Amino acid sequence: MRTIGRRQFLESGTAGAAGLWLGACSDVVGPGDSPGRLGAGGRPKRVVVVGAGVSGLVAAYELGRAGHDVTVFEARSRIGGRVLTLRHPFQPGHLAEAGAARIRPEHELLLGYADHFGLQLDSFYPRSGEFLLFEGGHRSPLPGDTFRQQRPDYVKIRGGSELLPRAFADRLGRSVLVGAPVAEIAVSGATVTVRFSAGAVLEADRVLVTAPVPVLGRIRFLPGLSEGKTAAIQGAFHYQKATRVFLRFGGRYWEAEGLNGWAITDWPEELWHPTWDSDGPEGVLLTYVRGERATELDALDEPSRVARVLEHLDDVFPGASAHFISGTSHSWQHDEWSRAAWAEPTGTQDLELGGELARAEGPVHFCGEHASGYRGWMEGALESGLRAAREIHDA
Ligand SMILES: Cc1cc2nc3c(=O)[nH]c(=O)nc-3n(C[C@H](O)[C@H](O)[C@H](O)COP(=O)(O)OP(=O)(O)OC[C@H]3O[C@@H](n4cnc5c(N)ncnc54)[C@H](O)[C@@H]3O)c2cc1C
């Protein structure tokens, strides 16, 4: 992966564009072949992928292995998109997920790629301790042990969800550039010209756009996008809001009561203890709120957001303030390259725009969890990335 500064990027602009086509990703060494390996296809193409989230990376990986000349441009200074593993400000070795965390047993593509890259999986939920229900100011055991009984096979990637995007990016090597926002995509005949915010331009045969709908409008398309995609960009395709606030504690004081640090409350929220299977003595608790509660927390500055959640935790797990060390948060609404958590259209919106968002417009293709049949999960991002990779491969 390369980080490219503005000056360096300008210098590698039109004149040096060929130098960016470092192409060739290394072939895989893994226990099995990948679930999305492409078969024999047409002539090799120059492909630009916009976005190094899971959907863009899986597409780039499979297209590169199939012989295409692929370059991935990522606006942020990091890869992963809505997969973001936080390691600070926590005890060394502790981590918590700001985005994707859980994997369900039916996520075959994800489990297949985890196997392919040799990633280890662990149980997501703890096997011991009591889960709590906090409702109307009262604490009680969570009825029927909701998490353990309904989600017994949920797993997570050992070492953090970011190991999945990193596995793709490591193999793509210098074909992935970060800090490179795409500003314009212009189609002229069979050629697509991609223009970057820093001013550089690049020509390609095919472009794959993975930007989530709330930030898709930051790219200028020439000619303009279809009526349906434009309507979605203007707000006709609903996205969920989600914010997580992380609190670091000097000890796992809740264990003295036989609790494991996990709870459902009527705030409403899910409370997680992501360090349940890591060594102590410290522990991290996170609150996971959506919708209006997320909007409420987003309106506060960072210290006030942490203070608000700490005050609330003092009710759910009394003693929080006494053991609190520090806190942090992540709002996906405030994240400039997401602006929301995941696509959650109404039935009508899905019917009218769902298919349209996945439809290619000439040599410009589209994917991302929003353009999949499995929204809100990495599985959907993989599914859509592979669908788009096949389109480009077969074109
Ligand atoms: C709070 C939260 C919890 C979640 N929990 C889970 C979970 O437990 N399990 C699970 O499987 N999934 C979960 N998900 C969903 C999962 O994270 C997403 O479905 C998946 O990561 C989306 O991948 P993507 O490639 O479609 O989009 P993204 O990850 O958003 O990638 C798109 C990329 O495009 C880049 N980009 C945008 N515009 C431009 C531009 N103009 N130029 C260049 N680059 C650009 C962005 O920076 C981004 O990196 C969760 C998501 C959130 C937010």
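Numbering of residues starts from 1 in each chain and follows the order in which that chain's sequence is written. Two thresholds apply to this predicted model, a pLDDT of at least 70 for residue-level local features and 80 or more for giving and counting side-chain atom pairs, whereas whole-chain, interface and lining totals are computed over all residues. Only hydrogens and water are removed before side-chain values are computed, so all heavy atoms of the structure are retained for them.

## Considerations on the overall build of the protein
For step 1, the next point in the chain: Along the protein, the regular secondary structure elements total 13 helices and 23 strands.
For step 2, the next point in the chain: Atoms counted for the radius of gyration: C-alpha only. Globule rule: 2.2 Å times residue count to the power 0.38. In terms of C-alpha radius of gyration, the protein reaches 22 Å, essentially the compact-globule figure of 21 Å for 395 residues.
For step 3, the next point in the chain: Each principal axis of the C-alpha atoms in the protein carries an extent, and together these give about 65 × 45 × 45 Å.
For step 4, the next point in the chain: A buried classification covers 57% of the 395 residues belonging to the protein.
For step 5, the next point in the chain: Residue contacts follow a heavy-atom distance rule, with two residues in contact if any of their heavy atoms lie within 4.5 Å. In the protein, the proportion of contacts linking residues at least 24 apart, taken out of those at least 6 apart, comes to 74%. Helix and strand assignments follow DSSP, with helices taken as H or I runs no shorter than four residues and strands as E runs no shorter than two, numbered in order from the N terminus. Relative accessibility thresholds used throughout: buried, under 20% of the residue-type maximum; exposed, over 50%; partly exposed, between the two (1.4 Å probe, protein chains only).

## Things to note about the site of the ligand
For step 1, the next point in the chain: Near the ligand lie 39 residues; those nearest to it are Ser55, Glu74, Arg82, Arg102 and Met378.
For step 2, the next point in the chain: Within the backbone of Val54, an N or O atom sits 3.4 Å from an oxygen atom of the ligand.
For step 3, the next point in the chain: When the free accessible area of the ligand is taken as 1000 Å², the share hidden by the protein chains comes to 99%.
For step 4, the next point in the chain: A majority-of-atoms criterion places the ligand in the largest pocket.
For step 5, the next point in the chain: Within the residue set of the shell around the ligand, elements represented by two or more residues are α3 (54-65), β3 (69-74), β17 (242-249) and α13 (378-394).
For step 6, the next point in the chain: Structurally, the shell around the ligand is a two-domain feature, drawing no fewer than three residues from each of domain 1 (2-81 + 163-235 + 345-394) and domain 2 (121-157 + 242-331). A single heavy atom is enough: if one lies within 4 Å of a molecule or strand, its residue is considered near that molecule or strand. Side-chain atoms alone can form a polar contact between residues adjacent in sequence; in general such a contact is a pair of N or O atoms within 3.5 Å, and within protein one must be able to donate a hydrogen while the other accepts it. Residue exposure ignores everything except the shown protein chains as possible cover, and the areas themselves are Shrake-Rupley values with a 1.4 Å probe. Whether a set of points on the 1 Å grid over the protein atoms alone is a cavity depends on a 1.4 Å probe fitting there but being unable to get out, while an open set qualifies as a pocket with protein on both sides within 12 Å along at least five of seven lines; lining residues are those with an atom within 4 Å of a point. Any molecule with more than half of its atoms within 2 Å of a cavity's or pocket's grid points is regarded as sitting in that cavity or pocket. Where each domain starts and ends comes from a domain assignment, either automatic or drawn from a database.

## A closer look at helix α6 (residues 163-172)
For step 1, the next point in the chain: In terms of burial, α6 is largely enclosed, as seven of its ten residues are buried.
For step 2, the next point in the chain: When we look at burial in α6, the residues that qualify are Leu164, Pro165, Ala167, Phe168, Ala169, Arg171 and Leu172.
For step 3, the next point in the chain: In this structure, the buried residues of α6 make contact with α3, α4 (108-116), β9 (155-157), β10 (176-178) and α13.

## Description of the pattern of salt bridges
For step 1, the next point in the chain: Salt bridge, as applied in this entry: a Lys or Arg side-chain nitrogen positioned within 4 Å of an Asp or Glu carboxyl oxygen. Under the definition given, this model contains 28 salt bridges.
For step 2, the next point in the chain: For Arg166, the salt bridge goes to Glu162, with nearest N and O atoms at 2.5 Å.
For step 3, the next point in the chain: What makes Arg166 partly exposed here is its relative accessible area of 37%.
For step 4, the next point in the chain: Between Arg308 and Glu296 there is a salt bridge whose closest N-O contact spans 3.9 Å. Linking Arg308 in helix α10 (residues 302-316) with Glu296 in helix α9 (residues 291-298), this pair joins segments that are twelve residues apart in sequence.
For step 5, the next point in the chain: Through salt bridges that share partners, Asp33, Arg37, Glu62 and Arg65 make up one connected network.

## Observations regarding the side chain of Glu62
For step 1, the next point in the chain: Take Glu62: it is sitting in helix α3.
For step 2, the next point in the chain: A polar side-chain atom of Glu62 sits 2.5 Å from a polar atom in the side chain of Ser34.
For step 3, the next point in the chain: Residue contacts for Glu62: discarding those within four places in its chain leaves Ser34, Gly36, Arg37, Leu38, Tyr113 and Leu386.

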